[in-house]
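As a plain string of letters, each chain reads:
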Amino acid sequence: MSSTAEGATAGFLVWRLSMKWRVAVDRAVAPLGLTHAQYAVLASLYGMSRSGLRPSQRRLADHTGLEALYVSKLARALEAAGLVARTRDPDDPRAMQLSLTEQGSDVTRRAITVVQGLLDQLLAPLGGQDSPRAREFTRELAVLLDAPLDPPHAENVENAEEPS
């Protein structure tokens, strides 16, 4: 166990792992002209498109966990770069549907390959992506992601005790 993990809370370790992952993905996809957030949008859009979906910006935001306004800004930037097409949803004129352009699909496939290599490195200590430990780790992460997290009410924060 690393010195970082000794005595650390689960919250701190989740934060550190998420930051380690974000920085690694940022560096890995930078040569493709992408950021981690842009990769998250493109890869999610790629996966949803392969399932026959043409998601709205809102649906993509819900899928990625990013704020809808941030997805909107990312989608506009990706559209300007020629990677994404944004069109009005015929069923809801307020909503924008997203799809990958041919160039966007190409860049996304290359980025996915790069990020899969990173995932291989990350999960190597657990026996690799297909190992029983990595599958269990993935299930545990899914359980945590499905757990609701409501922010505390102001009165609960004011009355909270100092940690011992």
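Residues numbered from 1 in each chain as written. Predicted model: local features only at pLDDT ≥ 70, side-chain atom pairs only at ≥ 80, totals over all residues. Heavy atoms only, no water.

**Student:** Mind showing me how you'd approach the nonpolar core here?
**Tutor:** Within soluble globular proteins, side chains that are nonpolar tend to cluster in buried spots. Residues Val29, Leu34, Tyr39, Leu42, Leu60, Leu78 and Val84 are the most contacted members of the largest nonpolar core, which totals 26 residues. At the level of secondary structure, the elements contributing two or more residues to this core comprise helix H1 (10-29), helix H2 (36-50), helix H3 (57-64), helix H4 (68-80), strand E2 (92-100) and helix H5 (102-123). The greatest single-element share of this core, amounting to 8 residues, is contributed by H2. (Core = buried A, V, L, I, M, F, W, Y, C linked by side-chain atoms within 4.5 Å. Buried < 20%, exposed > 50% of the residue type's maximum accessible area, 1.4 Å probe, protein only. Helix = DSSP H or I, 4+ residues; strand = E, 2+ residues; numbered from the N terminus.)

**Student:** Help me understand the environment of Leu69, please; the structure alone is not making it clear to me.
**Tutor:** If you trace the backbone, Leu69 turns up in helix H4. Residue classification places Leu69 among the exposed positions, given a relative accessible area of 57%. Residues Leu69 and Arg58 lie 11 residues apart in sequence; the distance between their C-alpha atoms is 8.8 Å.

**Student:** Please explain the environment of Leu13 as it appears in this structure.
**Tutor:** Here Leu13 is to be found in helix H1. In this structure Leu13 touches Thr4, Ala5 and Ala8, once residues within four positions along its chain are discounted. (Contact = heavy atoms within 4.5 Å.)

**Student:** Just checking my understanding: could you explain the side chain of Ser99 for this structure?
**Tutor:** Considering the arrangement of structural elements, one finds Ser99 in strand E2. Those residues within four positions of Ser99 in sequence are excluded, and the remaining contacts are Leu45, Arg54, Leu83, Val84 and Ala85.

**Student:** Please explain the pattern of salt bridges as it appears in this structure.
**Tutor:** Close approach of charged atoms allows side chains with opposite charge to pair. One pass over the structure, following the stated rule, counts 6 salt bridges. Close ionic contact of Arg86 with Glu79 constitutes a salt bridge, the shortest N to O distance being 3.3 Å. Judged by relative accessible area, which is 18%, Arg86 ranks as buried. Of the residues examined, Glu79 reaches a relative accessible area of 32% and is grouped as partly exposed. A salt bridge links Asp106 to Arg110, with the nearest nitrogen and oxygen atoms 3.7 Å apart. A residue pair is termed a helical-turn pair when its members lie 3 or 4 positions apart in one helix, as Asp106 and Arg110 do in helix H5 at 4 residues. (Salt bridge = Lys/Arg side-chain N within 4 Å of Asp/Glu carboxyl O.)

No statement about biological role is implied by the geometric values presented.
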